[in-house]
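Residue strings, one per chain:
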Amino acid sequence: MSKTFSGSQIVKALRRLGFIVDHQRGSHIFLHHLDKNISLVVPNHKEIKKGTLHNILKKADISIDELKKLT
């Protein structure tokens, strides 16, 4: 994985998939998807670490390629 993603890029992509921003606490943005009953927390940092990104993608049930297309 050569491209890095920021928290705001990930939130924007997840919103395109139907996730709704619930609230923000500090630098963490809480999202949820009503249809799939999924809740996510995305840190609003300039660069998301690899492990954190993979955990977000796993919970959202999307691949890295899908995320690249949405950004």
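See the structure above.
Okay, so let's go over this structure. (Residues numbered from 1 in each chain as written. Predicted model: local features only at pLDDT ≥ 70, side-chain atom pairs only at ≥ 80, totals over all residues. Heavy atoms only, no water.)

Among the residues making up helix α2 (residues 50-60), those that are buried are Leu53, Ile56, Leu57 and Ala60. Buried residues of α2 fall within an arc of 95° about the axis and therefore sit on the same side. Exposed side of α2, more than 90 degrees from the buried face: Asn55, Lys58 and Lys59 are the residues found there. Tucked inside the fold, the buried residues of α2 contact α1 (7-16), β3 (38-43) and α3 (64-70). One or two steps after α2, the chain reaches Asp61, where phi turns positive at roughly 60°. (Buried < 20%, exposed > 50% of the residue type's maximum accessible area, 1.4 Å probe, protein only. Helix = DSSP H or I, 4+ residues; strand = E, 2+ residues; numbered from the N terminus. Arc of directions from axis to C-beta. Contact = heavy atoms within 4.5 Å.)

A few words now on the pairing of strand β2 (residues 28-33). Remark: a regular strand shows side chains that alternate across the two faces of the sheet. Burial along β2 is one-sided: the residues Ile29, Leu31 and His33 are buried and none of His28, Phe30 and His32 is. In this sheet, β2 lies alongside strand β1 (residues 20-25) in antiparallel orientation, the contact comprising five bridges. Bridge pairing in β2 places Arg25 opposite His28. The turn linking β1 back onto β2 is made up of two residues, and Gly26 within it adopts a positive phi angle of 70°. Two strands pair when backbone bridges link them, and β2 and β3 are joined in this way by six bridges, in the antiparallel orientation. (Pairing = 2+ DSSP bridges.)

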